[in-house]
Amino acid sequence: MKYIVSFAKDYIGTVVIVLSVYFAYMFATDTQILDRYLFPQIGNIGEAFKKYWPEMLQNLKASFELLIPGVICGVSFALLIGVPMGLSRRFRKTLHPIIYSFSMIPVVLLSPFAIHIAPTLRAASVFLVIWGTVWAMLFATINGIMTIDKRYLDTATVLGVTGFKRLYKIILPAAFPSMAGGFVTAMRSAFLSLIFAEMYGTKFGMGYFVKSNSDLGYFAKVWSGFLFMALVMVVLMQIIEKTKDYILRWTID
């Protein structure tokens, strides 16, 4: 009961906003303020959702088959480069202008090159996911290590904690709050990069589902795809946020 009351207090505003949007959309489509071709009525969207959710699940599976390896590779590369850059001022000054310049290149600009250069459309899509993942995680890792309280490092030196033990016992735990925040941002960027890649570079996935039905004019399916993706992302990001809060429970009042 306490959990239900707490949940209601936390999300009552969210529920009010969602219901307001729902009824406003229903009113606008029922009175034809909005074009029913582009903005189908709620009932039509619901019917499409019920009819095509198995197809959307299959496309979601295909999306996660690209998203998961892309995120793993992107995070691994970010840690591989970000940890040394955070630890070494000279290394950081040398590479920072380069990585900052690369990070400014949007996925939209890279996608034609990735599609033409990569051996397969799948490889191109994974590359774009990696590109969307790596930069937020990389900068969060660098900043997290750079801003560690020097007292932690001084204490570790006094206690004789050096080398790899110093890294995983002192440095990484102290930088983890920043790194965790970077991971959350990286996941959002990765999903957006994935959807864009699927729209123009694959024959499967949720991005392809939405784009192909949009081209055919099946906008009830398009909207059901939008809602399905939104639902999946809300659930996924909530899981990530709750996991992050649990791991960082020692930092939360």
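Caption draft 1: Spotlight on the environment of Leu34. Mapped onto the elements of the fold, Leu34 is located in the loop between α1 (2-30) and α2 (42-87). For Leu34, a relative accessible area of 26% corresponds to the partly exposed category. The contact partners of Leu34, leaving out residues within four places of it in the chain, are Tyr25, Ala28, Thr29 and Phe39.

Caption draft 2: Local environment of the packing of α2 against helix α9 (residues 219-247). Taken N-terminus to C-terminus, the directions of α2 and α9 make an angle of 55°; their axes are 8 Å apart at the nearest point. The angle between the axes of α2 and α9 places the two elements in the oblique class. Between α2 and α9 the crossing geometry is right-handed. Two secondary-structure elements touch here, α2 through Asn44, Ile45, Ala48, Phe49, Tyr52, Glu55, Met56, Leu57, Leu60 and Phe64 and α9 through Ala220, Lys221, Trp223, Ser224, Gly225, Leu227, Phe228, Val232 and Leu236. Here the contact of α2 with α9 is composed, by residue class, of 14 nonpolar, 3 polar and 2 charged.

Caption draft 3: Spatial organisation of the packing of α2 against helix α3 (residues 89-103). Where α2 meets α3, the closest approach of the two axes is 6 Å, and the angle between their N-to-C directions is 130°. Put simply, α2 runs oblique to α3. Contacts between α2 and α3 involve Ile81, Pro84, Met85, Gly86 and Leu87 from the first element and Arg89, Phe91, Arg92, Leu95, His96 and Ile99 from the second. Tallied by class, residues from the contact of α2 with α3 come to 7 nonpolar, 2 polar and 2 charged.

Caption draft 4: Fine view of the pattern of salt bridges. With the rule as written, the count across this model stands at 4 salt bridges. In this structure, Glu241 engages Arg188 in a salt bridge whose closest nitrogen and oxygen atoms are separated by 3.8 Å. One end of the pair, Glu241, is in helix α9; the other, Arg188, is in helix α7 (residues 163-201), with 53 residues separating them in the sequence. Its salt-bridge partner being Lys211, residue Asp215 comes within 2.9 Å of it at the nearest N-O pair. On the criterion of helical spacing, the pair formed by Asp215 and Lys211 is a turn pair, its members being 4 residues apart in helix α8 (residues 206-216). Residue classification places Asp215 among the exposed positions, given a relative accessible area of 54%. For Lys211, a relative accessible area of 22% translates into the label partly exposed.

Caption draft 5: Geometry of the packing of aromatic side chains. Per the counting criterion, the structure on display carries 10 aromatic pairs. Ring geometry for Phe102 versus Trp131: centroids 6.4 Å apart, planes at 80°, classification edge-to-face. On the criterion of sequence distance, the pair formed by Phe102 in helix α3 and Trp131 in helix α5 (residues 121-146) is long-range, its members being 29 residues apart. A relative accessible area of 13% places Trp131 in the buried class. Ring geometry for Trp131 against Trp135: centres 5.2 Å apart, planes inclined by 80°, an arrangement best described as edge-to-face.

Caption draft 6: Broad picture of the side chain of Arg92. Note on placement: Arg92 falls in helix α3. At 3.2 Å, the side chain of Arg92 and the backbone oxygen of Gly86 are in polar contact. Ignoring sequence-local partners within four residues, the contact set of Arg92 consists of Met85, Gly86, Leu87, Ile142 and Met146.

Caption draft 7: Representation of the side chain of Ser63. Its place among the elements puts Ser63 in helix α2. Apart from the residues within four sequence positions on either side, Ser63 is in contact with Leu194, Glu198, Gly205 and Met206.

Caption draft 8: Highlighting the nonpolar core. One finds Leu67, Val71, Ile99, Trp135, Leu138, Met187 and Met206 to be the most contacted residues of the largest nonpolar core, which totals 51 residues. For this core, the secondary structure elements donating two or more residues are α2, α4 (107-117), α5, α7, α8 and α9. The contact partners of Met206, leaving out residues within four places of it in the chain, are Met56, Asn59, Leu60, Ser63, Ile195, Glu198, Gly225, Phe228 and Met229.

What counts and how
- Residues numbered from 1 in each chain as written.
- Predicted model: local features only at pLDDT ≥ 70, side-chain atom pairs only at ≥ 80, totals over all residues.
- Heavy atoms only, no water.
- Helix = DSSP H or I, 4+ residues; strand = E, 2+ residues; numbered from the N terminus.
- Buried < 20%, exposed > 50% of the residue type's maximum accessible area, 1.4 Å probe, protein only.
- Contact = heavy atoms within 4.5 Å.
- Axes fitted to C-alpha atoms, helices over the stretch in contact; angles between N-to-C directions.
- Parallel < 35°, antiparallel > 145°, perpendicular 65-115°, else oblique.
- Left-handed = near helix turned anticlockwise from the far one by under 90°.
- Nonpolar A, V, L, I, M, F, W, Y, C, P; charged D, E, K, R; others polar.
- Salt bridge = Lys/Arg side-chain N within 4 Å of Asp/Glu carboxyl O.
- Phe/Tyr/Trp six-rings, centres within 6.5 Å; stacked < 30°, edge-to-face > 60°.
- Polar contact = N/O pair within 3.5 Å; in protein donor to acceptor, adjacent residues only side chain to side chain.
- Core = buried A, V, L, I, M, F, W, Y, C linked by side-chain atoms within 4.5 Å.

By themselves, these figures tell us nothing about what the structure is for.
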